[in-house]
Structure formats: structure tokens, C-alpha cells
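# Coordinate analysis (summary)
The lines below spell out each chain.
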Amino acid sequence: MVSNLSLNIAKFGGTSVANFGAMSNCANIVRANSATRVVVVSAAAGITNLLVELAHKALTKEQINATIKQIEAIEYAILNDLGNPAPVKAKLDELLSHARELAHHEEILHRPDLKDAILSLGERMSSLLFTEVLKGIGVKAENFDVRKVLRTDDTYGEAAPQLNEIRTLANELLRPEMADCVLVTQGFVGADAQGNTTTLGRGGSDFTAALLAEALDAQTCEIWTDVVGVYTTDPRITPAAKPLPELSFEEAAEMATFGAKVLHPATMEPALRQDIRVFVGSSKEPEKGGTWIARDCKEEPHYRAITRRKEQVMVTVKTPKMMHAQGFLQKVFTIIADHNLSVDLITTSEIAVAFTLDNPSNSVAERLNRETLAELKEICEVVIENDYDLVTVVGNNMNSAAGVSSRIFAAVKNFNLRMICYGANPHNMSFLVHAKDSTDVVKELHSELFE
């Protein structure tokens, strides 16, 4: 772990703070590292999903009350194991009352600011309770409202952090208080210039920890989750997956972007800017170590890991007018950008362009609507294909070493690769495969490259 002279920011995910026993494991991790002065927590496992239902589903009053009861049951189970301290119970009841009030608000389904306000309550409750767990084992701790320092714009649901303001506020408000105690604060949550509550999007607790580490010039940032580090691939796909002792920032960013669930894709940005070493480990088994992510690694293998990102949409736009024409691609991607769609992979031919869009839970399908298609069809023929997954091999110097690509292609020779992207950077090769084949593709690649 880090020395006493350094500063560490520790983040604990939803499963790590799911109940009193899980929180106790995390509290022992914090106590064992005197460099940890700020702790960022997610909502307890299951809470955010319940809050999402309240914010996004048209529920009856009875259904709303039943959902609030489910939230209460999870939070009160932790409170009761704490011995039900009166001051904490009063604060928890206040937050639950606020959740009930927001859930019954007649405009909750139509106002993004109300949605963010209710979604923030999971982290606010877990940080309140975790502070008491720390105090219970003798750690001097205080609950800190991250909205005081995590300044964002007002793009509710996907708020963008304002880095200069965060640094100024963190040093004015956070640093003095963490001098003699551990501050427990909330991930995922921020506030705009008017003080309205915002959120950074799902998975934003990792991002919060990295942003605070950057603002406070921390040397390390620990991400504690339910797995022993980052693996060569998802262990649920193949039991032969192995934990990785180290990753470079570039490798970790590629893995997060292309499907690795252990890290939020934006987490690497602050770490890279400030050269902050990031640790990923299991709060259930901290003694097993984990993965260190840093600028430089002892080894830089051609093949480091394999990721899979499911639910991809492939769009092909085609027109004879594209031949030797200028400005066609600009028109296509302007339309895509105007509808807030983000393109991942792109391949081109003389008269056609194919690109992929990430489509979690059909969210892209909703935006790739008649209006978008109508605009595209004014300038070209459009074909949309679904039921694809994106498989990516992540490594180093992949575009300059002989034999790297041939070994990958040999491993997947029995599968139809619908689209291939390679050479844009030295750290990955990606290809689109039919969703029904992706598990077998990952298994074959892992067997060839890592077993």
C-alpha cells in the first residue's frame, strides 16, 4: 500500500457497501491505510435500480410506496446493525422522506433535475451509514457532501465536471477537513453553479474518485469492487481468465471503453492527466491484491486482455455520389452528432461507410428514430443491422509487430467477422461479430492468446 506521506482516495462500489458486513470489510481496509483521507461510496447494491424506477417509470401511488419500502428495508437493515443511533436515524429518515416527496412529485417523469435529485439519494444514504461504521471501529470520520466541491454543468444525467472549479473548491473545503479525519463522500453526484443536484451517469462513482484524486494531487486512487482486480477477460465467460497484476493507462482506457465493467471509461482521464496510480481490488478479499494501473508497466505484452461490449448497432450508409465527392462524410456525421449519437468503429469503401453505435438497453434505438433516418435518407441509402457484439483484443505495439494480427485471425477463422478495425492505435484490434457467436469468439481468443 501507499506510504504515510502520500494521499490516497478510496472508492467502494455498490456490492462493497451492500450491507453492514460488507461495509465492515471496507472500514477495515480504510483503517489499514493511513494515507486514505477521502472515501467515495456508491449507493448500496440494488438501491440505484429502485431509484431509477421511481425516476423513470409511471408508477401508481401504491407502487411508489412499495418501492420506497424496499429502499427503507435495505437501509434500515444497515442502520439496525449499527445499533440504530438516534442522530443517524433522524438524518436517514430525512433522506427517505425526501425520496418519497420527489417520487410523488407530479413532474418527476418530465424534469431531469428532479430525476437527478432522487437518484443522488442512494449515495447520500450509504455515505451517511458508512461514516458511522468507520466510527464504530475507532476511525475518526465525518460525512462530507460532495456537492460542495464536485462542480458540474447542468446537463442532468450526464453532467460534465468543471475541473478548475473542482480543484479550487476541493482545496478550499475538502483539504482542511481531511487533515485530522477521514471524509466519507458520495460518488456519482455533483451540483451545478446554481447548487442544483446533478449526476455523472451510471458508473460515475469511479469517475468521482479520480476527479477528487486529481483535484487534491493524490498519489493513488483505489477502486474497491467485488473482483480481484482486472482480468484477462470476463471470468463469467471463461474460468481460465486470470487477474492482471498491472495495466498501463492506455490499456485500461481501451478496456473500459470497449466493455470491461470493472472501470468507468472516464476514470482514466484524471489519472492520466495527473499521473495517479490506480488500484483495483476486491473489498471481500483485499489480501489477494489486485491490479495496479500506471503510466509505465514492467512488461508490455502484445496481448493483454480481451473485452466484449454487447448490444451493438451497425449502420451502413451508401451512395454513388460519394465516389470522389467531398463533404459526404461530414454531412453524415453532422446528422449523427445532431441526434446525440456517438460512433465507435468506422470502415469505408469507395461508395459506402459502415459504423457502429453502442446500444445498451436499446437506448440508441430510441434515438436512431424516424427523424434521424429521414435526414440520412435524404443524402444516402441507409441499412441498420442489430444483434451484434464488439470483441476487442487489447495490448501493445499491435500495429507494428509481425504476426500479431495473423495469430488473432487464426483463432477466429471459423467465425464471421462482420467488421474489423485495426491500426488506428497500437493498443487494440476490434471486430464486430454476431451476438450468438461472441461468447465462443472470446473463448477461442483467450485459449489461443492466454492459455
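Residues numbered from 1 in each chain as written. Predicted model: local features only at pLDDT ≥ 70, side-chain atom pairs only at ≥ 80, totals over all residues. Heavy atoms only, no water.

### Section: the packing of aromatic side chains
What the rule picks out here adds up to five aromatic pairs. Ring geometry for Phe12 and Phe130: centres 5.9 Å apart, planes at 50 degrees, overall tilted. Highlighted residues: Phe12 in strand β1 (residues 8-12) and Phe130 in helix α6 (residues 121-136), separated in sequence by 118 residues. Side by side, Phe12 and Phe130 carry an identical accessibility label, which is buried. Taken together, a centroid distance of 5.4 Å and an interplanar angle of 55 degrees make the contact between Phe333 and Phe355 tilted. (Phe/Tyr/Trp six-rings, centres within 6.5 Å; stacked < 30°, edge-to-face > 60°. Helix = DSSP H or I, 4+ residues; strand = E, 2+ residues; numbered from the N terminus. Buried < 20%, exposed > 50% of the residue type's maximum accessible area, 1.4 Å probe, protein only.)

### A word on the sheet that holds strand β9 (residues 277-282)
Paired through their backbone hydrogen bonds, the strands of a sheet run either parallel or antiparallel. Ordered by their spatial adjacency, eight strands build an open sheet running β3-β4-β2-β1-β7-β9-β10-β8, and the pairing between neighbours is mixed. Looking at which strands have only one partner, the edges of the open sheet turn out to be β3 (141-143) and β8 (246-248). In this sheet, adjacent strand axes meet at a mean angle of 20 degrees when their direction is disregarded. Note: strand β7 (residues 220-225) against β9, six bridges, orientation parallel. For Trp224, the partnering residue across the bridge sits in β9 and is Gly281. (Pairing = 2+ DSSP bridges. Axes fitted to C-alpha atoms, helices over the stretch in contact; angles between N-to-C directions.)

### Remarks on the side chain of Arg308
You can see Arg308 is positioned in strand β11 (residues 305-318). Lacking a salt bridge, the buried Arg308 has Asp389 as its closest oppositely charged neighbour, with an N-O distance of 4.4 Å. Only 3.0 Å separates the side chain of Arg308 from the side chain of Ser438, close enough to count as a polar contact. The residues contacting Arg308, other than those within four sequence positions of it, are Ile237, Phe258, Gly259, Asp389, Leu390, Ser438, Thr439 and Val442. (Lys, Arg positive; Asp, Glu negative; His and termini not counted. Salt bridge = Lys/Arg side-chain N within 4 Å of Asp/Glu carboxyl O. Polar contact = N/O pair within 3.5 Å; in protein donor to acceptor, adjacent residues only side chain to side chain. Contact = heavy atoms within 4.5 Å.)

### A word on the pattern of salt bridges
In the structure shown here, the tally under the stated rule is 20 salt bridges. Residue Glu214 pairs with Arg273 through a salt bridge whose shortest N-O separation is 2.7 Å. Of the two residues, Glu214 sits in helix α8 (residues 204-215) while Arg273 sits in helix α10 (residues 268-274), which places them 59 residues apart along the sequence. Notably, a salt bridge pairs Arg304 with Glu251, separated by 2.9 Å at the nearest N-O pair. Here Arg304 is found in the loop between β10 (290-294) and β11, whereas its partner Glu251 is found in helix α9 (residues 249-257), with 53 residues between them in sequence. Each of the two residues, Arg304 as well as Glu251, counts as buried. By sharing partners, the salt bridges in this structure join Lys69, Glu72 and Arg100 into a single network.

### Some thoughts on a nonpolar patch on the surface
Together, Phe409, Ile420 and Tyr422 give the surface a local cluster of nonpolar side chains, amounting to about 230 Å² of exposed area. Within the fold, Ile420 resides in strand β15 (residues 417-422). (Patch = residues over 30% accessible without salt bridge, like charges linked within 9 Å, V, L, I, M, F, W, Y side chains within 5 Å. Areas by Shrake-Rupley, 256 points an atom, 1.4 Å probe, with all protein chains shown as cover.)

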